[in-house]
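Topology and contacts: notes
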Amino acid sequence: MKELVTPYQVMEALATNLGKAYAKKAVKAEGTIQFHLRHEGEKIDCYVKADENELTISPGVTTNPTVALTSTLYHWLDLAAKRLNPIIGVISGKLKFKGDTSFFARILPDDIFNIDISPYADPVTAFEKNPHRHWTPPKNVFVINASPRTREGYTDFFVKAFLKGLESEGARVQTCYLSEQKINRCTGCWHCWLSGTGECIFKEKDDFEKVYAGCQDADLIVFAFPLYCDGVPGALKDFFDRAIAHSHPFMIEGIYKTRHPRRITKPQAAVVFSVCGFIEMENFQAVREHLRKISHNAHLPIVAEIFRSGAIYLHKNPLLYQKLNEVLLALEKAGEDVAKRGKVSRKNLRIITQKIDKASNFQKMSNYFWNEKIQSGENDY
Ligand SMILES: Cc1cc2nc3c(=O)[nH]c(=O)nc-3n(C[C@H](O)[C@H](O)[C@H](O)COP(=O)(O)O)c2cc1C
């Protein structure tokens, strides 16, 4: 269990960082900084000593320090993090110095945090910002079908219509049924990052790299999945978690927030495709947002979000046969749209996502359906 951090431990951690930078300094100033810090009614006295060899911290008060600082712990941290200008700090009475304040500058490095990460530069590309404008028809499409019901699922049934459209435009489509693969869950050990290799502890122990290689070879990746508890099925989440190994640990600016550079920087796009049981399209709200975040972090622009609610109802209810055929045809056309232009036309999207029935009808007929199943003992759907 993680323990609470004490103010003195904070000071120790700062001194450790400073000590590392001090050891690298060509000219090492000698002297002592005495801190008289207040925090939540407590007094924390400690001093940092630099002796030309190393920089150490000790609790208590020393005699004749080079400089002494009296302040609250938070004001000192604000100063150390450059959130508080020292002159403003003195004028406002937040910081009180006694002695040679230039000593701070002589032992503090300019910027110990300025690491050169240019070898890992992976800036936002024009393609990622606007894939539709820079679109070339995909040659290789890799589908990750995350339905545990694989070929028997409604996900497969509906996505096949979309894939048919892609294929008709010359794309080579390969489907990976995630549930047929062994993908261990990320343990959060960070071996992939700490080792600097990107290699997971499960490398060669499961199928993750094989599936990931399929993604890497593709121009377009289709994530097809049934909605599970307003999100993606566990197997797909496990896949996303493991894919973090394929990014570097460093932090860079993304399109609208911080993210990591990738280890392989190839322009690729994604399609998010999902079906669900409930009838309302709002059911996809959370997963839509989730996948958008994942796609941003993966530098993988989404060119189409295709969602179909009430999937079982649409397939099973004979009264909806016309709508089912409309949806299937529009899905096929959506596949052609994506292949040709990198986006689905509004018209096709409208047909795919059309309202298929009143919620009250859906509830009544679904209840009848499930009751029949329970009564008859049939276990397929
Ligand atoms: C564990 C589980 C969780 C589900 N959660 C939702 C949900 O949150 N919202 C919804 O509308 N449907 C939900 N469903 C229904 C599935 O999305 C729906 O049955 C879908 O058509 C299944 O696709 P498949 O046949 O490819 O597996 C859930 C199904 C299961 C088995």
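Our subject is the structure that appears above.
Residues numbered from 1 in each chain as written. Predicted model: local features only at pLDDT ≥ 70, side-chain atom pairs only at ≥ 80, totals over all residues. Heavy atoms only, no water.

**Description of the side chain of D206**
Within the secondary structure, D206 is located in the loop between helix 7 (191-194) and helix 8 (208-217). Separated by 2.8 Å, the side chain of D206 and the backbone nitrogen of N184 make a polar contact. At 3.1 Å, the side chain of D206 forms a polar contact with the backbone nitrogen of F208. Those residues within four positions of D206 in sequence are excluded, and the remaining contacts are K182, I183, N184 and R242. (Helix = DSSP H or I, 4+ residues; strand = E, 2+ residues; numbered from the N terminus. Polar contact = N/O pair within 3.5 Å; in protein donor to acceptor, adjacent residues only side chain to side chain. Contact = heavy atoms within 4.5 Å.)

**Observations regarding the site of the ligand**
Taken together, 16 residues form the shell around the ligand, and within it R149, Y154, T155, L227 and C229 come nearest. One of the side-chain N or O atoms of R149 is found 2.8 Å from an oxygen atom in the ligand. One of the backbone nitrogen or oxygen atoms of L227 is found 2.7 Å away from an oxygen atom of the ligand. Residue classes in the shell around the ligand are distributed as 10 nonpolar, four polar and two charged. (Near = heavy atom within 4 Å. Nonpolar A, V, L, I, M, F, W, Y, C, P; charged D, E, K, R; others polar.)

**What to know about the pairing of strand 6 (residues 140-145)**
Taken across its six residues, strand 6 has five buried, putting it largely inside the fold. Pairing of strand 6 with strand 7 (residues 172-177), which is carried by six bridges, proceeds in the parallel orientation. What sits directly across from N140, in strand 7, is R172. On the question of chirality, the crossover connecting strand 6 to the parallel strand 7 by way of helix 6 (residues 154-168) is right-handed. Pairing geometry for strand 6 and strand 8 (residues 220-226), over five bridges, is parallel. Its bridge partner being in strand 8, F142 is matched across the sheet by I221. (Buried < 20%, exposed > 50% of the residue type's maximum accessible area, 1.4 Å probe, protein only. Pairing = 2+ DSSP bridges. Right-handed = clockwise from strand over helix to strand, strands pointing away.)

**A short note on the sheet that holds strand 7**
Sheet architecture is open: five strands sit in the order 7-6-8-11-12, paired in parallel fashion. Edge positions in the sheet fall to strand 7 and strand 12 (302-308), since each has one partner strand and no second. When strand polarity is set aside, the average angle formed by the axes of neighbouring strands in this sheet is 15°. Summarising the sheet, strand 8 and strand 11 (residues 269-275) pair through seven bridges and their orientation is parallel. Paired with P226 across the strands is V275, a residue of strand 11. Sitting on the sheet, helix 8 touches strand 6, strand 7 and strand 8, and the angle it makes with strand 6 is about 145°. On the sheet, helix 10 (residues 285-297) packs against strand 8, strand 11 and strand 12 and is oriented at approximately 160° with respect to strand 12. (Axes fitted to C-alpha atoms, helices over the stretch in contact; angles between N-to-C directions.)

**Brief notes about the pattern of salt bridges**
Inspection of every chain in the model, using the stated rule, returns 17 salt bridges. With a closest N to O distance of 3.2 Å, D238 and R185 form a salt bridge. On the criterion of sequence distance, the pair formed by D238 in helix 9 (residues 234-243) and R185 in the loop between strand 7 and helix 7 is long-range, its members being 53 residues apart. Residue D238 is classed as buried on the basis of its relative accessible area of 10%. On the basis of relative accessible area, R185 is assigned to the exposed category, the value being 58%. For R341, the salt bridge goes to D337, with nearest N and O atoms at 2.9 Å. Of this pair, R341 and D337 both sit in helix 12 (residues 321-341), four residues apart, which is roughly one turn of the helix. Looking at D337, the relative accessible area reads 6%, which means it is buried. (Salt bridge = Lys/Arg side-chain N within 4 Å of Asp/Glu carboxyl O.)

**Quick look at the sheet that holds strand 5 (residues 95-99)**
Taken in spatial order, the five strands make up an open sheet running 3-2-1-4-5, and their pairing is mixed. The two strands at the open ends of the sheet, each matched to only one other strand, are strand 3 (55-59) and strand 5. On average, each strand axis in the sheet is inclined to that of its neighbour by 20°, with strand direction left out of account. Strand direction decides the pairing type here: strand 1 (residues 30-39) and strand 4 (residues 67-72), joined by six bridges, are parallel. Looking at strand 4, one finds that L37 is bridged to S71. Along the sheet, helix 1 (residues 7-24) makes contact with strand 1, strand 2 (42-51) and strand 3, crossing strand 3 at roughly 165°. In the packing of helix 2 (residues 73-80) onto the sheet, contacts are made with strand 1, strand 4 and strand 5, and the angle to strand 4 comes to roughly 115°.

**What about a nonpolar patch on the surface?**
A contiguous nonpolar patch, built from W190, L194 and I244 and spanning about 330 Å² of accessible area, is present on the exposed surface. In this fold, L194 is placed in helix 7. (Patch = residues over 30% accessible without salt bridge, like charges linked within 9 Å, V, L, I, M, F, W, Y side chains within 5 Å. Areas by Shrake-Rupley, 256 points an atom, 1.4 Å probe, with all protein chains shown as cover.)

**Quick look at the packing of aromatic side chains**
For any pair of aromatic rings, geometry is given as the distance between the ring centres together with the angle between the planes. Applying the stated criterion across every chain yields a total of 18 aromatic pairs. Relative to W135, the ring of F127 lies with its centre 6.4 Å away and its plane at 10°, an arrangement referred to as stacked. The burial state of F127 is the same as that of W135; both residues are buried. Of the aromatic side chains, those joined through ring pairs into one cluster are F208, Y212, F223, F239 and F240. Geometry around Y381 places R149 over its ring, the cationic atom sitting 4.1 Å from the centre. (Phe/Tyr/Trp six-rings, centres within 6.5 Å; stacked < 30°, edge-to-face > 60°. Lys NZ or Arg CZ within 6 Å of the ring centre and 35° of its normal.)

**Things to note about unusual backbone geometry**
Most peptide bonds take the trans configuration, and most residues that are not glycine carry a negative phi. The phi angle at K82 is positive, at roughly 65°, despite the residue not being glycine. If you trace the backbone, K82 turns up in the loop between helix 2 and helix 3 (86-91). A relative accessible area of 65% places K82 in the exposed class. One non-glycine residue, W190, lies in positive phi territory at about 65°. Relative to the elements of secondary structure, W190 occurs in the loop between strand 7 and helix 7. Residue W190 is classed as partly exposed on the basis of its relative accessible area of 40%.

Geometric values such as these leave the question of function open.
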